[in-house]
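Below are the chains, spelled out letter by letter.
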2 protein chains.
Amino acid sequence: MSTIRHALQIKREDDFAAWYQEVITAADMAEESGVRGCMVIKPWGYGIWERMQRLLDDRIKATGHDNAYFPIFIPLSNFAREAEHVEGFAKEMAVVTHHRLIAGEDGGLVPDPEARLEEPLVVRPTSETIIGDAMARWVQSWRDLPLKLNQWANVVRWEMRTRMFLRTSEFLWQEGHTAHVDAAEAKEHTLRMLEVYRAFADEDLSLAVVAGEKPENERFPGAVETWSIEAMMQDGKALQAGTSHYLGTNFAEASGIRYQDREGQQALAHTTSWGLSTRMVGGVIMTHGDDDGLRVPPRVAPWQVVILPMLRDKPEDEALIDYCETLRATLAGQSALGEPLRVQLDTRPGKAAAKRWDWVRKGAPVIIEVGGRDMENGVVSLLRRDRLWDTATGKPAFETPLREVAGQTVPDILADMQAALLAQARERRDANITRGLADFAEVERHFAASRYPGWVEVQWSKPTGAALDDVVERLKAHRLTIRNVPMDAAPVDGSCIFTGEPATERVLLAKAY
Amino acid sequence: MSTIRHALQIKREDDFAAWYQEVITAADMAEESGVRGCMVIKPWGYGIWERMQRLLDDRIKATGHDNAYFPIFIPLSNFAREAEHVEGFAKEMAVVTHHRLIAGEDGGLVPDPEARLEEPLVVRPTSETIIGDAMARWVQSWRDLPLKLNQWANVVRWEMRTRMFLRTSEFLWQEGHTAHVDAAEAKEHTLRMLEVYRAFADEDLSLAVVAGEKPENERFPGAVETWSIEAMMQDGKALQAGTSHYLGTNFAEASGIRYQDREGQQALAHTTSWGLSTRMVGGVIMTHGDDDGLRVPPRVAPWQVVILPMLRDKPEDEALIDYCETLRATLAGQSALGEPLRVQLDTRPGKAAAKRWDWVRKGAPVIIEVGGRDMENGVVSLLRRDRLWDTATGKPAFETPLREVAGQTVPDILADMQAALLAQARERRDANITRGLADFAEVERHFAASRYPGWVEVQWSKPTGAALDDVVERLKAHRLTIRNVPMDAAPVDGSCIFTGEPATERVLLAKAY
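So, how was this worked out
- Throughout this description, residue numbers start from 1 for each chain and increase along the sequence as written.
- Going through the entries in the order they are written, you letter the chains from A and number the ligands from 1.
- Totals for whole chains, interfaces and linings use all residues, but because this is a predicted model, local features are given only for residues with pLDDT of at least 70 and pairs of side-chain atoms are given and counted only at 80 or more.
- As a convention, hydrogens and water are excluded, and side-chain values are obtained from all of the structure's heavy atoms.
- When the copies are overlaid, the least-squares fit takes in C-alpha atoms only where the residue has pLDDT of at least 70 in both copies.
- When checking whether two residues touch, look at their non-hydrogen atoms; a contact exists if any pair is within 4.5 Å.
- Accessible surface is computed with a 1.4 Å probe, and the buried area is the amount of it that two parts give up when combined, taken over both parts together.
- What makes a salt bridge here is a side-chain nitrogen of Lys or Arg within 4 Å of a carboxyl oxygen of Asp or Glu, nothing more.
- In protein, a polar contact requires one atom able to donate a hydrogen and another able to accept it; more generally it is a pair of N or O atoms within 3.5 Å, and residues adjacent in sequence count only if both atoms are side-chain atoms.
- The helix count covers DSSP runs of H or I at least four residues long, the strand count covers runs of E at least two residues long, and both are numbered beginning at the N terminus.
- Following DSSP output, two strands are said to pair if at least two bridges run between them.
- Under this scheme, a helix contributes an axis fitted over its contacting stretch, all axes are lines through C-alpha atoms, and angles between N-to-C directions fall in the 0 to 180 degree range.
- With a 1.4 Å probe rolled over the protein chains alone, any residue whose accessible area is under 20% of its type maximum counts as buried; one over 50% counts as exposed, and the rest are partly exposed.
- Note that the term roughly parallel is reserved for angles under 35 degrees, roughly antiparallel for angles over 145, roughly perpendicular for angles of 65 to 115, and oblique for everything else.
- For any pair of crossing helices, the crossing counts as left-handed if the nearer helix is rotated counterclockwise from the farther one by less than a right angle, and right-handed if it is rotated clockwise.
- Side-chain classes follow a simple rule in which Ala, Val, Leu, Ile, Met, Phe, Trp, Tyr, Cys and Pro form the nonpolar group, Asp, Glu, Lys and Arg form the charged group, and the remainder, Gly included, forms the polar group.

Asker: Give a description of the relation of the copies chain B and chain A that names residues and reports values.
Answerer: In screw terms, the move from chain B to chain A is a rotation of 180° and a rise of 0.0 Å along the axis, fitting with an RMSD of 0.0 Å. As the rotation angle and translation indicate, the two copies are arranged about a two-fold axis. Taking C-alpha positions as reference, the residue of chain B nearest the rotation axis is V96(B), located at 2.1 Å.

Listed below in structure tokens is the structure:
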């Protein structure tokens, strides 16, 4: 076996955090903006987010939701209505206090003291309160329910320590908000949207997530129940990749979302909310990236196939481009994974090898190089991003199908790769969840013993109040958190590793992003 | 001819401004949010915007642009770099001064004095400066040019007098930003994007706009040239519906967008920017609305066909819904105007007649009602929104094709309606541009004499400086503005109506939104 010279400087096993940053730079996905806590999402990173938006939006609309748009600014008083909610968010919000600038004494601009707002405005960290106000206006009768809304928007939560895609002061997301006649319907909807997230994560992003309920201490501020999908990153940490909340009547009461029921009585609506953000792009990187850069699951790849003619700045280039254009047109006319195939013919100036490695680092699923000899032989040189290396030679594992064959087989390759990435993620997840640890001391030993200890599934008695606080503290000492109570966990058959009482649930413990 | 009882309370000719507001309410498009200057865009209004986004985004991508995302916050110092730019915007911006709230003395929340930002942040009114910073990092060599970016985003310009969709403090838009090697290429691109807007407005929104250059006094702050598309509303006023700017090297200099040219010399890039916003939704209302509500051009209608079974809350309903579902499936399998047809089967509770008028007011292009008798006869009752009334009877002009025929002919009806709306807009525009007025006194008489005077095309000598200020003042006295210099105007053949000097251009004068 020959040595492979990988495309990145930093390997995952050497420094996972630094590797993550290198992927983002090497794949040209995002960069620091110079504005505190905010990033610039560059075309390749944004293109992946656009694909996510399209696919998730289709799923959200298919479950009967309409998109709408609500103001970015929330009056302070409005925000303060729901007690737990304000407690949870008040510490980290951008506050608008003035609506005009004037020249200052040193010639620069300063906020105009005469343009101070009577009531400061908060840049939305989430929109429960402002959408609750609208729902209160729109809901009069049981006939108006369920009311199912979704918004694609930017939100701001002031963050002291930021990490690109995972934690930024401004981020992009969708937030769904629904109102229902009763708890049963609202809870059912909370789980339906959790399932939408699970299906999106698994089927579109090949993530292999675990869906389950968050413990009480991890609930969204103001929620009665919070559910999540958790994804395992390649360093064994967990990433909360989407949450769905049953809000009871808390926000309905705060905003006055009341309706006349079938018997003519006034009743409070039960509401839900659920959100999924650009953080998911970070999850895709840490699940599918390798030591050569990103590997984008074909369903969300902005370009699924990139064709690279090996141009030499000579008259022969024209015939080569024609040869490639025929292939491009053939591929563009095909479907892959149920959508028109997305193919790019890259004729930009630059050396072919440099361009190849750019696309490898970006993670384009299929790269097709075409040189003069390929053209003479009627073939192309095809590289699958998920099978990049020939380990025997240490060189890229090019195949050389006939051009016509490549034109017909790429859709199957893409479907195969989409499934292969999911299978890899599922295998890694399942191999790295440890079960059967008898007590907390064993859990401590497990996490101390290994650099990539993965997750641990334990049984617990679902303590609340002070007893839960105690559990949270014990976990915190090891930087561990309870991720969720997996919906498809096995039945309990033992005692709680924290309290020794009979167990009632299984929970996942992990370090997390 | 019988009297028609229209679906709105207010007629266009009685009070156009009040009619506009009634359409927005009656079509359930948007409403005041309770947050100063911000509106809530409701599902039907947002659905039209989403369709606009999809169609315009396709056109922007087809011209080689990538979407990206830049921070919502702009540091004050950054914003102040381009002198004219800050002069143009400094008066109306939302300023973030704090990043945390704490409990105030009266128990409410107040900005935490200890969390005052060292440098205030401005909520972007437009992104030239922050994108300019990124371009300066990304552009090194002529090989990096042209750099063609687009962003879909919310922006904020503090407005004292607001009107829904037309002028709100927060609005949604796309802003394109490009950098080029020289003035020729940048100017060519400015016009290419103007043409993209024109084609989008005419072909997708049936607006019949006039493309041309804005006069010096109407330029974007910091621009060298500003071009616009102007649409004529039904009250004869103009709506600036999209603008494209050649920015020269002004922003490149302010941000330092320099590149090494083919000869190895450092040079400043030439940049462009261009934007189109949710204001366009207001333009569609004021162009295509009638006394029964909105008429949505089929290309941007969220639902192009709505099927309304006349349900009676009885067991027979099931057969009726099945009958309608067959039609829905037939239509959903078809293409209209080059895309899958968008059809909605509306089985919500409520009286059929009330639901019909809801959809008429919303402007769904085709409404298909199906009652028990229709089903017995194998037909449907089809209503075209652009031919709503049978003027002989004063009743809705239902046709009753066989269900199978309706299933096949709706795509043609939609294409026909898209073209008919454009033809109407074009006819109205062309009939309401007055030419040949000899001097400014005639212009004054023209605008004084009529309630809907439309636009006037006059010849002028393109005065600048104080002479232009004088022209602007004279027009202002009649609430008139120069809209643009139409690209396809006839050659000049006379003298300037303002200065008496030989004319060099033809310009459009109008009242405007």
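Having put the structure on the table, let's press on.
Asker: Let's hear about the interface of chain B and chain A: which residues, and what values?
Answerer: Each partner contributes residues to the interface: chain B has 60 residues there, and chain A has 60 residues. Summing both sides of the interface, chain B and chain A together bury roughly 5100 Å²; the carbon and sulfur share of this comes to 67%. Summed over the shared surface of chain B and chain A, the result is four salt bridges. With a closest N to O distance of 2.6 Å, E31(A) and R137(B) form a salt bridge. On inspection of chain B and its partner chain A, the count reaches 26 residue pairs in polar contact (both at pLDDT 80 or more). Per-element accounting of the side of chain B that touches chain A gives the leading share, six residues, to helix α2 (residues 43-62) of chain B.

Asker: Describe unusual backbone geometry, and please don't skip the residues or the numbers.
Answerer: In this structure, the amide linkage connecting L145(A) to the following residue, P146(A), adopts the cis form with an omega of -10°. Note on placement: P146(A) falls in the loop between α5 (128-138) and β9 (147-156). Here the phi dihedral of D28(B) falls at roughly 60°; this positive angle occurs in a residue that is not glycine. Note on placement: D28(B) falls in the loop between α1 (16-26) and β1 (30-32).

Asker: Which residues make up the sheet that holds strand β8 (residues 116-123) of chain A, and what values go with them?
Answerer: Strands sit in the order β4(A)-β8(A)-β5(A)-β5(B)-β8(B)-β4(B) across an open sheet of six strands; the sheet is antiparallel. If you trace the sheet from one side to the other, it starts and ends with β4 (73-75) of chain A together with β4 (73-75) of chain B, each paired once. Neighbour-to-neighbour, the strand axes of this sheet turn through a mean angle of 45°, independent of strand direction. Here strand β5 (residues 95-98) of chain B pairs with strand β8 (residues 116-123) of chain B via three bridges, running antiparallel. Across the sheet, residue V96(B) finds its bridge partner in β8(B), namely L121(B).

Asker: Residues and numbers for the pattern of salt bridges, please.
Answerer: Summed over all chains, the structure comprises 70 salt bridges over all chains. Put simply, D416(A) and R387(A) hold a salt bridge, and the shortest N to O gap is 3.4 Å. With D416(A) in helix α12 (residues 403-431) and R387(A) in the loop between β22 (381-384) and β23 (389-390), the pair connects residues that are 29 residues apart, well separated along the chain. Exposure remark for R387(A): the relative accessible area of 46% places this residue in the partly exposed category. As a salt-bridge pair, R12(B) and D291(B) come within 2.9 Å of each other at their nearest N and O atoms. With R12(B) in the segment before α1 and D291(B) in the loop between α8 (279-288) and β17 (305-309), this pair connects stretches of sequence that are 279 residues apart. Assessed through its relative accessible area of 10%, D291(B) is described here as buried. Each of D28(A), E31(A), K42(A) and R137(B) takes part in salt bridges that share partners, so that together they form one network.

Asker: If you had to explain the packing of helix α2 (residues 43-62) of chain A against α2(B) to someone new, which residues and values would you point to?
Answerer: Where α2(A) meets α2(B), the axes come as close as 15 Å, and the angle between the chain directions of the two elements is 155°. Taken together, the axis directions place α2(A) and α2(B) in an arrangement best described as roughly antiparallel. Crossing handedness for the pair α2(A) and α2(B): left-handed. Between α2(A) and α2(B), the contacting residues are E50(A), R54(A), D57(A) and K61(A) on the first element and E50(B), R54(B), D57(B) and K61(B) on the second. Here the residues of the contact of α2(A) with α2(B) sort into no nonpolar, no polar and eight charged.

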